[in-house]
Amino acid sequence: ASASGCRIIGLNFDGVGGTYASGVVVLISGGEQQAMRDCNIDDNVDACLSFVGADSGQRFIAENCGFRRTTVTNPAVLLPTVADTAGNRQFINCNSFGGVLLRFNNSFNTHVIGGRFRNLDFSGSAGVSLRAIVDNCRIATTGDAFTIYGEDSAITGNVIAGAGVLAADCQRNRISGRSEE
């Protein structure tokens, strides 16, 4: 369910090699200003964190959290597949322990700042004005390309160890590497 102002602090969930199925934390609709801090959800079959409805988890913040699925090529965090109008979700210093951190889908105004992960999944975002910000992250693609779909995003100051690909419909994005001063 979804409730405004809820906080989860210090949750440690071990999926025990994919023994447990279904999402661990699921935000269904509405609600705002939820937060997760210092949590670890690891080795789960399904998504560790899911935002199911449009605008579910508005102004959500995950800080210093780790999310990883048993199959590391599947995104640990799933953002809404229906169009957001007021998402504003933040993932600050979040890691995916060698896995794909999140799938943007139709989310709006998502910030991923300072994390370490294998990749981000933009594949459900073709033609979507994401307005995403990805900044100061370490992205180790391990053979997969970092492929950007969607529009109106800023992907700056990151270290990406692997090929970067701009999909055909990728428009009005600012992409730049880390600068040394």
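*Asks:* Sorry, what's going on with the layout of surface pockets here?
*Replies:* Unoccupied space between atoms shows up once a probe the size of one water molecule is rolled over them. Here the largest pocket defines a volume of roughly 150 Å³. Around the largest pocket, the lining residues are Thr73, Val100, Arg118, Asn119, Leu120, Asp121, Phe122, Ser123, Asp144, Ala145, Thr147 and Tyr149. Its residues assigned to classes, the lining of the largest pocket shows 5 nonpolar, 4 polar and 3 charged.

*Asks:* Please clarify how the pairing of strand β5 (residues 40-44) should be interpreted in this entry.
*Replies:* Where a strand is regular, its side chains alternate between the two sheet faces. Summarising burial for β5: 4 of the 5 residues are buried, a large majority. When strand β2 (residues 12-14) meets β5, the two strands line up parallel, connected through 3 bridges. When the sheet's bridge partners are listed, Asn12 is paired in β5 with Asn40. Pairing of β5 with strand β8 (residues 66-69) involves 4 bridges; the strand directions are parallel. Directly across from Asn40, in β8, lies its bridge partner Gly66.

*Asks:* I tried to follow the sheet that holds strand β11 (residues 100-103) on my own but got confused; where do I start?
*Replies:* Sheets are built from strands that pair by backbone hydrogen bonding, the pairs being arranged parallel or antiparallel. Reading across from one edge, β3-β6-β9-β11-β14 is the order of the 5 strands in this open sheet, with parallel pairing throughout. Where the open sheet ends on each side, the last strands, each with one partner, are β3 (25-27) and β14 (119-121). Pairing of strand β9 (residues 77-78) with β11, which is carried by 2 bridges, proceeds in the parallel orientation. The partner of Val77 across the bridge, within β11, is Leu102.

*Asks:* I would appreciate a short explanation of a nonpolar patch on the surface in the present structure.
*Replies:* Taken together, the side chains of Val26, Ile28 and Val52 define a hydrophobic patch exposed on the protein surface, amounting to about 220 Å² of accessible area. With respect to the element layout, Val52 can be found in the loop between β6 (49-51) and β7 (61-63).

*Asks:* Help me out: how do you make sense of the side chain of Thr110 in this one?
*Replies:* Within the secondary structure, Thr110 is located in the loop between β11 and β12 (111-113). A polar atom in the side chain of Thr110 sits 3.3 Å from the side chain of Ser107. Ignoring any residue separated from it by four or fewer positions in sequence, one finds Thr110 in contact with Leu79, Arg89, Phe91, Phe104, Leu130, Arg131, Ala132 and Ile133.

*Asks:* When you look at the packing of aromatic side chains in this model, what are you seeing that I'm missing?
*Replies:* Under the definition given, this model contains 4 aromatic pairs. An angle of 25° between the planes, with centres 4.5 Å apart, marks the rings of Phe104 and Phe122 as stacked. Of this pair, Phe104 sits in the loop between β11 and β12 while Phe122 is found in the loop between β14 and β15 (133-135), placing the two residues 18 residues apart along the sequence. Assessed through its relative accessible area of 0%, Phe104 is described here as buried. The class for Phe122 is buried, based on a relative accessible area of 1%. Aromatic side chains Phe122 and Phe146 sit 5.9 Å apart centroid to centroid with 90° between the ring planes, which places their arrangement in the edge-to-face category. In this pair, Phe122 is assigned in the loop between β14 and β15 and Phe146 in strand β17 (residues 146-148), connecting sequence segments 24 residues apart. With respect to burial, Phe122 and Phe146 carry one shared label: buried. Linked through ring pairs, Phe51, Phe60 and Phe91 together constitute an aromatic cluster. The ring centre of Phe51 lies 4.9 Å from the NZ or CZ of Arg89, which sits over that ring.

Basis of the calculations
- Residues numbered from 1 in each chain as written.
- Predicted model: local features only at pLDDT ≥ 70, side-chain atom pairs only at ≥ 80, totals over all residues.
- Heavy atoms only, no water.
- 1 Å grid on protein atoms, 1.4 Å probe; cavity = no way out; pocket = protein on both sides within 12 Å on 5 of 7 lines; lining within 4 Å.
- Points joined across faces, edges and corners; volume = space filled by probe spheres on them.
- Nonpolar A, V, L, I, M, F, W, Y, C, P; charged D, E, K, R; others polar.
- Buried < 20%, exposed > 50% of the residue type's maximum accessible area, 1.4 Å probe, protein only.
- Helix = DSSP H or I, 4+ residues; strand = E, 2+ residues; numbered from the N terminus.
- Pairing = 2+ DSSP bridges.
- Patch = residues over 30% accessible without salt bridge, like charges linked within 9 Å, V, L, I, M, F, W, Y side chains within 5 Å.
- Areas by Shrake-Rupley, 256 points an atom, 1.4 Å probe, with all protein chains shown as cover.
- Salt bridge = Lys/Arg side-chain N within 4 Å of Asp/Glu carboxyl O.
- Polar contact = N/O pair within 3.5 Å; in protein donor to acceptor, adjacent residues only side chain to side chain.
- Contact = heavy atoms within 4.5 Å.
- Phe/Tyr/Trp six-rings, centres within 6.5 Å; stacked < 30°, edge-to-face > 60°.
- Lys NZ or Arg CZ within 6 Å of the ring centre and 35° of its normal.

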